[in-house]
Amino acid sequence: MVKLRSSAYAWLLLLVSMPVLAGRSGEPVQPIQPPKEINLALADLGKKLYFDPRLSRSGFISCNSCHNLSMGGTDNLKTSIGDHWAQGPINAPTVLNSSLNIAQFWDGRAKDLKAQAGGPIANPGEMAFTHPLAVSTLETIPGYVREFALAFGDDTIDIDRVTSALAEFEKTLVTPDAPFDRWLLGDDAAVSDMALNGYRLFKESGCVGCHNGAALGGTSFQKMGVVEPYVTQNPSLGVAGLTGADADRFRFKVPTLRNIELTYPYFHDGEAQTLTEAVDVMGRLQLGRRFTAAENQSIVAFLKTLTGAQPAFILPQLPPSVDATPRPEPFQR
Ligand code: HEC
Ligand code: HEC
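Residues numbered from 1 in each chain as written. Chains lettered and ligands numbered in written order. Predicted model: local features only at pLDDT ≥ 70, side-chain atom pairs only at ≥ 80, totals over all residues.

Trainee: Teacher, can you tell me more about the overall build of the protein chain here?
Mentor: Helix and strand counts for the protein chain stand at 12 helices and two strands. In sequence order, the secondary structure elements of the protein chain are arranged as α-α-α-α-α-α-α-α-α-β-α-β-α-α. Over its C-alpha trace the protein chain gives a radius of gyration of 21 Å, about what one expects of a compact globule, namely 20 Å for 333 residues. Taken along its principal axes, the extent of the C-alpha atoms in the protein chain is 65 × 50 × 30 Å. Out of the 333 residues belonging to the protein chain, those deemed buried represent 40%. (Helix = DSSP H or I, 4+ residues; strand = E, 2+ residues; numbered from the N terminus. Rg over C-alpha atoms; globule rule 2.2 N^0.38 Å. Buried ≥ 20, exposed ≤ 12 C-beta atoms within 10 Å, placed from the backbone.)

Written out as structure tokens, the structure is:
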């Protein structure tokens, strides 16, 4: 088992040492597992970087601005707000359990968390910085120089190390121990009859065809609007934005349904405000099925059993800037 140096990760230790119940076999959904191996020095550094707005041009936007860990790892906005109050083009997916995704972003254009993490720092509509400027800012901060040396063995700071640390921290952002996980592990009393009925409908009507595995999503790319076309003002094309292929139009990575109660609004354009609406749209557009109000309610009750233990840690204290650290100028164009 991993040896946990700091009390900051004690909650993970608790989960690692949970008693293993017999469990139900043959279900298309599996319990969330705590991460197997975490490099704690690297994750601690990544946690600081995750909360540090000095990785943005304005000195005001951190990863946590749009993936707020007090709000299910999202911003609860239709689309995100970036540098200079820019309206983002697409809904921010949660970072929770993102290590379980086959690839990152709605269209899967980043192959893993490390590849993803460099994107927002340099994205003009998000943190609007450059990698060299972000690195040179960190290099002026003695506290960071020490931390990089601790995590990597020498005090070189580069974007590769920054993104490695961010990715390592993100690996800790799993949410095990949801009521539904306890049910999967054999605890009959963990979820209500209504929620179980919803799970039955979820399986029988075909939702599991796309939302399966430990994250109930993140395992494939699928068309939005299989039976009926999806209508939206949002210009995102999904995978077709990368391939140009007509068949890939509106193909998106299937989002995880873990913690879905927390990550509203829904869909890549954020147009579904409530779970009731999202379930109704999914039933009609993906499966050609109109759920009754009672069926919809049961499925929503099931979805709410997927809220797991949220990451709990001591808020990191960021090493202070020194005289030589460039000052942010958030209002300059
Ligand atoms: C201005 C808001 C904003 C900021 C700041 C931001 N993100 Fe994001 N993030 C988004 C949006 C929007 C997407 C979806 C973009 C897309 O799919 O095209 C996203 C996608 C992701 C994903 C992919 C999740 C998935 O399921 O595909 C991860 C992981 C992620 N961000 C981590 C980070 C990290 C780490 C940082 C800090 C370095 C960060 N984000 C900063 C808005 C933001
Ligand atoms: C053919 C594959 C497929 C099937 C079947 C399917 N989904 Fe989805 N689901 C998706 C895709 C793709 C998205 C993302 C669509 C988008 O954002 O435009 C999605 C999004 C969602 C969302 C919103 C997630 C978020 O974070 O925005 C919910 C909730 C959801 N599905 C529930 C269901 C339920 C309940 C069923 C069964 C009634 C179902 N899905 C059936 C592929 C599917």
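Trainee: Just checking my understanding: could you explain the site of ligand 1 for this structure?
Mentor: Close to ligand 1 lie 25 residues, the nearest being Cys-63, Cys-66, Pro-93, Phe-105 and Pro-120. Listing elements by their share of the shell around ligand 1, those giving two or more residues are helix H3 (63–66) and helix H4 (113–122). If you tally residues by element for the shell around ligand 1, the top one is H4, at five residues. A breakdown of the residues in the shell around ligand 1 according to their chemical character gives 15 nonpolar, nine polar and one charged. (Near = placed C-beta within 6 Å. Nonpolar A, V, L, I, M, F, W, Y, C, P; charged D, E, K, R; others polar.)

Trainee: In this structure, what is going on with the site of ligand 2? I would like to understand it.
Mentor: Around ligand 2 lies a shell of 26 residues, among which Cys-207, Cys-210, Tyr-266, Phe-267 and Met-282 are the nearest. Of the residues forming the shell around ligand 2, the biggest block, six residues, is contributed by helix H11 (residues 275–287). Tallied by class, the residues present in the shell around ligand 2 amount to 17 nonpolar, nine polar and no charged.

Trainee: Please explain unusual backbone geometry as it appears in this structure.
Mentor: Note: most residues except glycine have negative phi, and most peptide bonds are trans. The omega torsion of the bond from Tyr-264 to Pro-265 falls at -10°, within 30 degrees of zero and hence cis. Locating Pro-265 in the fold gives a position in the loop between strand S2 (251–253) and H11. Despite not being glycine, Asn-76 shows a phi value in the positive range, around 55°. Residue placement: Asn-76 occurs in the loop between H3 and H4. Unlike most non-glycine residues, Trp-85 shows phi in positive territory, near 60°. The topology assignment puts Trp-85 in the loop between H3 and H4. Taking the number of C-beta atoms within 10 Å as the measure of exposure, Trp-85 has 6 and is therefore exposed.

Trainee: Looking at this structure, how should I read the packing of helix H9 (residues 193–204) against helix H12 (residues 293–303)?
Mentor: Geometry of a packed helix pair, given as the angle between the helix axes and the separation of the axes. Following both chains from N to C, one finds H9 and H12 inclined at 100°, their axes separated by 7 Å at the closest point. Taken together, H9 and H12 sit at an angle that is classed as roughly perpendicular. Facing H9, whose interface residues are Met-194, Ala-195, Asn-197, Gly-198, Tyr-199, Leu-201 and Phe-202, H12 presents Glu-295, Ser-298, Ile-299, Ala-301 and Phe-302. In terms of residue class, the contact of H9 with H12 is built from eight nonpolar, three polar and one charged. (Axes fitted to C-alpha atoms, helices over the stretch in contact; angles between N-to-C directions. Parallel < 35°, antiparallel > 145°, perpendicular 65-115°, else oblique. Contact = placed C-beta atoms within 7 Å.)

Trainee: Looking at this structure, how should I read the confidence of the model for the protein chain?
Mentor: Reading fine detail from the predicted coordinates is not recommended where pLDDT is low. Overall, the predicted model of the protein chain reaches an average pLDDT of 93, with 93% of residues at or above 70. Low confidence marks residues 1–7, where pLDDT is under 50. Its contacts with residues over four positions away, or in another chain, come to 10 contacts. Low pLDDT (under 50) marks residues 14–20, which in the prediction has six contacts with non-local residues, meaning those over four places away or in another chain. (pLDDT = per-residue confidence, 0-100.)

Trainee: Looking at this structure, how should I read the environment of Leu-173?
Mentor: Position of Leu-173 relative to the elements: it lies in the loop between helix H7 (159–171) and helix H8 (179–184). Here Leu-173 falls in the buried class, since 22 other C-beta atoms lie within 10 Å of it. As for Leu-173 and Pro-311, which are separated by 138 residues in sequence, their C-alpha atoms are 6.0 Å apart. Ignoring anything within four residues of it in the chain, the contact list for Leu-173 reads Gly-73, Val-95, Leu-96 and Pro-311.

Trainee: Looking at this structure, how should I read the packing of H4 against H7?
Mentor: The geometry of H4 relative to H7 is characterised by a closest axis approach of 8 Å and an angle of 115° between their N-to-C directions. Here H4 lies roughly perpendicular to H7, going by the angle between them. For H4 against H7, the interelement crossing comes out right-handed. Where H4 approaches H7, its residues Leu-113, Lys-114, Ala-117 and Gly-118 are matched on the opposing element by Ile-159, Thr-163, Ser-164, Leu-166, Ala-167 and Glu-170. A per-class count over the contact of H4 with H7 returns five nonpolar, three polar and two charged. (Left-handed = near helix turned anticlockwise from the far one by under 90°.)

Trainee: Sorry if this is basic, but what is going on with the environment of Ala-178 here?
Mentor: The topology assignment puts Ala-178 in the loop between H7 and H8. The spatial distance from the C-alpha of Ala-178 to the C-alpha of Gln-286 is 26 Å, given a sequence separation of 108 residues. When sequence neighbours within four positions are dropped, the list of residues in contact with Ala-178 reads Thr-305, Leu-306, Thr-307 and Gly-308.

Trainee: How do you make sense of H4 when you look at a structure like this?
Mentor: Each turn of an α-helix holds 3.6 residues, which means side chains three or four residues apart point in the same direction. Within H4, burial applies to Leu-113, Gln-116, Ala-117, Pro-120 and Ile-121. Angularly, the buried residues of H4 cover 140° about the axis, an arc narrow enough to put them on a single face. Looking at the buried residues of H4, the elements they touch are H3, helix H5 (131–139) and H7. (Arc of directions from axis to C-beta.)

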